[in-house]
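# Fold and contact review
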Amino acid sequence: MSVVKINVLTVPQEQRETLEKRFASRAHAVEGSDGFEWFELLRPVEGTDNYLVYTRWRDEASFQAWMEGPMKASHQGGDSGGERPKPAASGSTVWSFEVVQQAGPTGA
């Protein structure tokens, strides 16, 4: 059964646009990864500074392979030789879940 990873990013109000632009600039970077099933970036509406980065994977091994490969490379600043930009988030926590039940819309 699939696994879900939710990265909880604490993002100050003044950094929200920066965070969203960085995710947009890396759009489609994860979709080709083996075992990848879904991605969503969730913006807080009220009461929190926490963005949620939701990803679903075929299994834990697929997620770990992505973490050690493409994700790690994309967060190391590339080969531009320039300085890595300051993080937009001031904190990060990863929550892990196994999918035990799921449902989709029924055909009309």
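Quick caveat, the model's predicted, so the values are computed rather than measured.

Conventions used here
- Counting starts from 1 at the beginning of each chain's written sequence and moves along it residue by residue.
- Given that the model is predicted, a residue must reach a pLDDT of at least 70 before its local features are reported, and side-chain atom pairs must reach 80 or more before they are shown or counted; all residues, however, enter totals for whole chains, interfaces and linings.
- Side-chain numbers here rest on the full set of heavy atoms in the structure, without hydrogens or water.
- Helix numbers and strand numbers start at the N terminus; a helix is a DSSP run of H or I with at least 4 residues, a strand a run of E with at least 2.
- The buried label applies to any residue whose accessible area, calculated with a 1.4 Å probe on protein chains only, is under 20% of its type's maximum; exposed applies above 50%, and partly exposed to all values in between.
- The contact criterion used throughout is that any non-hydrogen atoms of two residues lie within 4.5 Å.
- Methods summary: accessible areas were calculated by the Shrake-Rupley approach with a probe of 1.4 Å, and residue burial reflects only the protein chains presented.
- Any two strands with at least two DSSP-identified bridges between them are counted as paired.
- Helix axes are fitted to C-alpha atoms over the stretch in contact, other axes to C-alpha atoms as well, and angles between N-to-C directions run from 0 to 180 degrees.
- Each Phe, Tyr or Trp ring, with Trp reduced to its six-membered ring, pairs with another whose centre is within 6.5 Å; inter-plane angles below 30 degrees give stacked pairs, above 60 give edge-to-face pairs, and intermediate values give tilted ones.
- Only buried Ala, Val, Leu, Ile, Met, Phe, Trp, Tyr and Cys residues count toward a nonpolar core, and they belong to the same one when joined by side-chain atoms within 4.5 Å.
- Two N or O atoms form a polar contact when they lie within 3.5 Å of each other; inside protein one atom must be a possible hydrogen donor and the other a possible acceptor, and for residues adjacent in sequence the pair counts only when both atoms belong to side chains.

## Looking at the overall build of the protein chain
A count of helical and extended segments in the protein chain gives two helices and four strands. The order of helices and strands in the protein chain, counted from the N terminus, is β-α-β-β-α-β. Buried positions account for 25% of the 108 residues belonging to the protein chain. Sequence separation of 24 or more characterises 71% of the internal contacts of the protein chain that already satisfy a separation of 6 or more. Entry remark: accessible area of the protein chain is about 7700 Å², with carbon and sulfur atoms responsible for 53%.

## Some thoughts on the sheet that holds strand E3 (residues 50-57)
The strand order E2-E3-E1-E4 describes an open sheet built from four strands, whose pairing is antiparallel. Of all strands in the sheet, those bounded by a partner on one side alone are strand E2 (36-42) and strand E4 (91-98). Between one strand axis and the next, the sheet turns by 15° as a mean value, whatever way the strands run. Inspection of the sheet shows E2 paired to E3 by six bridges, in the antiparallel sense. Bridge pairing in E3 places Glu 40 opposite Tyr 54. This element, helix H1 (residues 16-25), spans strand E1 (3-10), E2 and E3 of the sheet and lies at about 20° to E3.

## Section: the packing of aromatic side chains
The geometry of two aromatic rings is summed up by the distance between their centres and the angle between their planes. Considering all chains together, one arrives at five aromatic pairs under this definition. Of the aromatic side chains, those joined through ring pairs into one cluster are Phe 36, Trp 57, Phe 63 and Trp 66.

## A closer look at the nonpolar core
Among the nonpolar cores identified, the biggest contains seven residues, and these are Val 3, Val 30, Phe 36, Trp 57, Phe 63, Trp 66 and Met 71. A total of three residues in this core trace back to one element, the largest contributor, which is helix H2 (residues 60-74). Formed by six residues, the second largest nonpolar core is a distinct cluster that contains Val 11, Tyr 51, Val 53 and Ala 88.

## What about the side chain of Ser 2?
Tracing the sequence through the fold places Ser 2 in the segment before E1. Among the polar contacts made by the side chain of Ser 2, one reaches the side chain of Glu 37 at a distance of 2.6 Å. In this structure Ser 2 touches Glu 37, Arg 56, Trp 57, Arg 58, Glu 98 and Val 99, once residues within four positions along its chain are discounted.

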